[in-house]
Amino acid sequence: MNLDGRHLRYLIKTRPVALGGAVIVAVALLLAMIGPLIAPYDPTTAIPGDQLQPPSLRHLMGTDGNGMDVFSRVIASPRTDLTIAILGTLGAIAVGIPLGLVAGYYRGFLSELLMRVSDIVQSFPVFILGMALVVVTGQEIRNVVYVVAIVNCPIYVRLVRGQVLFLRERPFIEAARVLGARDSWLIREHIFPNAIGPVVANASITIGWAILLTAGLSFIGAGVRVPTPEKRQAIAVGAKNIYTGEWWPSVFPGVALALTVLGFALLGEAMVQMTDSTRR
Amino acid sequence: MTAGRYIIRRLLFLVPQVLGVTTIVFILIRLLPGDPAYLVAGSLATKDVIASIREQMGLDRPIWDQYLIYLGHVARGDLGKSWLTSSQVTEDILQRLPATLELITLALILAFSIALPLGMLTALRPGTVIDRIASAYGMLAGAMPDFWWALFLVFLLFGQLHVVPAPIGRIDLALLPPPQVTGFYTIDSILSGDWPVFWSTLAHLALPAFTLAFVYAGPILKMARSTVSQALLGNFIQYARASGLPRRIVAWYALRNALLPVITMTGITYGYLLGGAVLIEQIFAWGGLGQYAVQAITSSDYMAVSGVVLVTTVFSLLVYLAVDLLYLAVDPRIRY
C-alpha cells in the first residue's frame, strides 16, 4: 500500500472531506482513551431530582430520564462503542485474511467450499442472530464483539481472495515461482503485503457498520446494559421521550453517533480509493 | 465451463448449503442454555411430567439421533411448535412472511427507482450541485440507524403534521383485512375490489417503506454512480460519442452496462432486509417476521427463533443465487 507522506499531502489537498473524516476518527479515538476522565459528571450515576432537564450551562446537553448527564455520556461513550466495533472488525480480519489467502491461492474444491460457506454466513439474518446470541448468552460486550466478527468475516475472505486471484497471475509472482519460490514464502512475502491494502481500507467501513449494528441491538434492548455509557443506548431510551417533547436525550447522542459513523465512512472511502489502483 | 454446467453446479451446491444452514441452526439451539422441557412444562410441573415431555420431544435420545430427527422434520417442512403461540412455527412464519415481504419489496422498488436515476444523473454530470447533494445524501442516510430515522419521521409526520396514520399495524384498526390470497394486503384488496382497505394499506405502508428506502437507497445510489461513471470511460462509449450519437443514447449504453451491479446491490439489500427490517417492524407494529423474531427471542421460544433464522437464511441464499444466475443470463461477457 502506498501510504507515504507525499500521498497523504496530496490527498489532503485534493480530498478535504477525507481529512475531515480522519479528524473525526481521531477525536473519537481520543475520547475513547480519555473520555471518561474528562466528563464533567459521572456518566453512570443518576443525579437525584435532575431527570429530563433541558440543556443548560449546568448540563450542556441536558439530562436523560434517569437523571444522567447527557454530555458526559456522549463523551464517555466512544470507549464502549469503539471497543466493540474495533475488536469485532479486527476479529473478522484476523479470520478472514488467512481464509481469503487460501481460497484465492489454492483454487479448486477448497476455494469453492470456502466461498459457499461464506455465502451461508452472509445469508444469516445478522440482526436476528445477533439479538438471539446476545440475549441468550448474556448482555456482555464480549458477545456483541463475537457477532460483529462472525458476520463480517466473509467480507474479508472475499476481499482478500479477489486480490489474490488478481495477484497470482501477475508476472512478478510468476517470476518468483519460476525461480523456485515455495508457496508459503510467496504468500507471506509477496501476496500478503500486496493484498492487504483494501482490507485496511475496508476496516474503517466495517467499524462504522458495527457501530450501527450495535445501535440497533441496543434499541431492542439486546445491547449493553443501561449504566454503561453507550450512545445508541441513549438514543433508544431517549426515543420514548421524543414524543413528549424532550428531544435532547436522543438527539445529541444521535448526532454524535452519526458523526462517528460518518467519520469512519469518509476515511474508509478515501482509503479504498487510495489503495485501488484503478481509481487513484 | 458452459453456462448450463455452471447453473447445475450452483444448484447442486444449494443442497449442502441448506444442509449446512440447518446444521448450524441445530447447533445453535443445542448451545442455548436451559432445558427446553422445563420451559414447556412450566415451573409447577413434577419430575414425571418433565420426563414425559423430554421423551415426547426426543430430548432423552443421543444428540446424533436428535439431529437426524430435526433434519427429517425440516425436510418435511415441520419447524417444530412455538411455545409462545402454541401453533406450528411453519404456520406462524407463513402467516407473517407476506407482511414483511410486502414492506421490503415496496421499499426496495422505491429505493431502486430513487437511486438509479439519481446515480445516473450524477455520473453524467459530475461535480454539479445535484452531484454534491446526492453524494452527501448517500453518506448521511446510512450514517444514522434506520430506527432513528423511523422515530424521527413518525414524530414529524404523524406526531406533528398528522399526514400519515398512527404507526400501528398494516391497516386501519376499524377495517378488516382483505380475504387472503397472496397475503399482500395491497394485492388482495385489489383482487377483492375493497378500495377503502387498499388505500388504508397504502397509507400505512407509506412511512415504513419510505424510511427503509431512504436509508438503504444510499449504497445503491453510490453503486449506480460509480458503475455508470466507470462505463462512461469505456472505449465503446468513446466510440459512440465519436460517431455523433445523441447524448440520450450514449447514456442508455452506459446504463445498460452498469445495470447489473446495481441490481446485485439491490438483491443483496433485499436478502439483508428480510431479517434486517426488525426494528422498523417493531416501531410500526407491523406484525411481520421481524416482530415475530423479537417476540420469540425475548420469550426464549427457541423453535420459533431457529425457524425464522432458517427461513430467512435460505431465502437470502436463493436471492443471491438468483442474482448470480441473472448475471449469467444478461451479461454476454461472463462465461463460467
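Note that the structure is a prediction, hence the values are computed from the model and not measured.

This paragraph deals with the overall build of chain B. In terms of regular secondary structure, chain B is built from 14 helices and zero strands. Start at the N end of chain B and walk to the C end: the helices and strands fall as α-α-α-α-α-α-α-α-α-α-α-α-α-α. In terms of overall dimensions, chain B has C-alpha extents of about 85 × 60 × 40 Å along its principal axes. Counting across all 336 residues of chain B, residues that qualify as buried make up 37%. The contacts of chain B with a sequence gap of at least 6 include a subset with a gap of at least 24, amounting to 70%.

Below, the discussion takes up the overall build of chain A. When helices and strands are counted, chain A shows ten helices and zero strands. Reading chain A from its N end, one meets helices and strands in the order α-α-α-α-α-α-α-α-α-α. Here the contacts in chain A between residues at least 6 apart in sequence split such that 72% fall between residues at least 24 apart.

A separate point is the environment of A:Gln273. You can see A:Gln273 is positioned in helix H10 (residues 248-275). Taking the C-alpha atoms as reference points, A:Gln273 and A:Ala201, 72 residues apart in sequence, are found 8.5 Å from one another.

Another point: unusual backbone geometry. Apart from glycine, the bulk of residues carry a negative phi angle, and the bulk of peptide bonds sit in the trans form. Even without glycine at this site, B:Ala285 takes up a positive phi of about 45°. Relative to the helices and strands, B:Ala285 resides in the loop between helix H12 (278-283) and helix H13 (289-298).

Attention shifts here to the confidence of the model for chain B. Residues and elements named next belong to chain B. Considering every residue of chain B, the mean pLDDT works out to 80; 93% of them sit at 70 or more. The lowest-confidence element of chain B is helix H2 (residues 36-41), averaging 64 in pLDDT; the highest-confidence one is helix H5 (residues 89-124), averaging 88. For this predicted complex, the interface confidence score (ipTM) comes to 0.73, while the overall pTM stands at 0.79.

Right, let's talk about the interface of chain A and chain B for a bit. At the junction of the two partners, chain A supplies 30 residues and chain B supplies 33 residues. The set of elements that each furnish at least two residues to the side of chain A that touches chain B consists of helix H4 (109-123), helix H5 (126-137), helix H8 (183-220), helix H9 (231-242) and H10 of chain A. Top contributing element to the side of chain A that touches chain B by residue count: H5(A), with eight residues. Residue classes in the side of chain A that touches chain B are distributed as 25 nonpolar, three polar and two charged.

Moving on, we get to the nonpolar core. Formed by 152 residues in total, the largest nonpolar core has its most connected members in A:Val148, B:Leu212, B:Ile220, B:Ala224, B:Ala293 and B:Val308. When residues of this core are assigned to their parent elements, the largest contribution, 17 residues, is made by H8(A). Counting residues in hydrophobic clusters, the runner-up holds five residues, among them B:Ile171, B:Phe184, B:Tyr185 and B:Phe198.

What follows concerns the environment of B:Tyr70. Position of B:Tyr70 relative to the elements: it lies in helix H4 (residues 63-75). Sequence separation between B:Tyr70 and B:Gly80 is ten residues; the distance between their C-alpha atoms is 8.8 Å.

With respect to burial, helix H10 (residues 235-242) of chain B is a largely exposed element, only zero of its eight residues being buried. After H10(B) finishes, the residue B:Gly244 shows a positive phi value of roughly 80°.

A few words on the packing of H5(B) against helix H9 (residues 195-232) of chain B. Between two packed helices, what matters for the description is the angle formed by their axes and the separation of those axes. Residues and elements named next belong to chain B. At a closest axis distance of 6 Å, the pairing of H5 and H9 adopts a crossing angle of 35°. Seen from above, H5 lies across H9 with right-handed handedness. For the contact of H5 with H9, the per-class residue count stands at 26 nonpolar, three polar and one charged.

Residues and elements named next belong to chain B. Within the secondary structure, Ala 213 sits in helix H9. Residue class for Ala 213 comes out buried when judged on the 22 C-beta atoms lying within 10 Å of it. For the pair formed by Ala 213 and Ile 187, sequence separation is 26 residues and the distance between their alpha carbons is 20 Å. Filtering out sequence-adjacent residues up to four positions away, Ala 213 remains in contact with Ala 107, Leu 110, Ala 111 and Ile 114.

Here chain A shows a mean pLDDT of 75. Residues at 70 or above account for 75%. When pLDDT is averaged over each helix and strand of chain A, the minimum, 56, is found for H9(A) and the maximum, 83, for helix H3 (residues 70-105) of chain A.

So, how was this worked out
- Starting from 1, residues in each chain are numbered consecutively following that chain's sequence as written.
- All chains are assigned letters beginning with A, and all ligands numbers beginning with 1, in the order in which they are written.
- With the structure being a predicted model, the display of local features is reserved for residues of pLDDT at least 70 and the display and counting of side-chain atom pairs for 80 or more, all residues being used for whole-chain, interface and lining totals.
- Comment: elements are numbered from the N terminus, with helices defined as DSSP H or I runs of at least four residues and strands as E runs of at least two.
- Three exposure classes are used. Buried residues have 20 or more other C-beta atoms within 10 Å of their own C-beta, exposed residues have 12 or fewer, and partly exposed residues fall in between, all C-beta atoms being placed from the backbone.
- By definition, residue pairs are in contact when their C-beta atoms, positioned from the backbone, come within 7 Å.
- Per-residue confidence from the prediction method is given by pLDDT, with values spanning 0 to 100.
- All amino acids are sorted into three groups, where Ala, Val, Leu, Ile, Met, Phe, Trp, Tyr, Cys and Pro are nonpolar, Asp, Glu, Lys and Arg are charged, and the leftover types, Gly among them, are polar.
- Under the definition applied here, buried Ala, Val, Leu, Ile, Met, Phe, Trp, Tyr and Cys residues are grouped into a nonpolar core through C-beta atoms within 7 Å.
- Think of each axis as a best-fit line through the C-alpha atoms, taken over the contacting stretch in the case of a helix, with angles from 0 to 180 degrees between the N-to-C directions.
- What makes a crossing left-handed is the near helix being turned counterclockwise from the far one by less than a right angle; a clockwise turn instead makes it right-handed.

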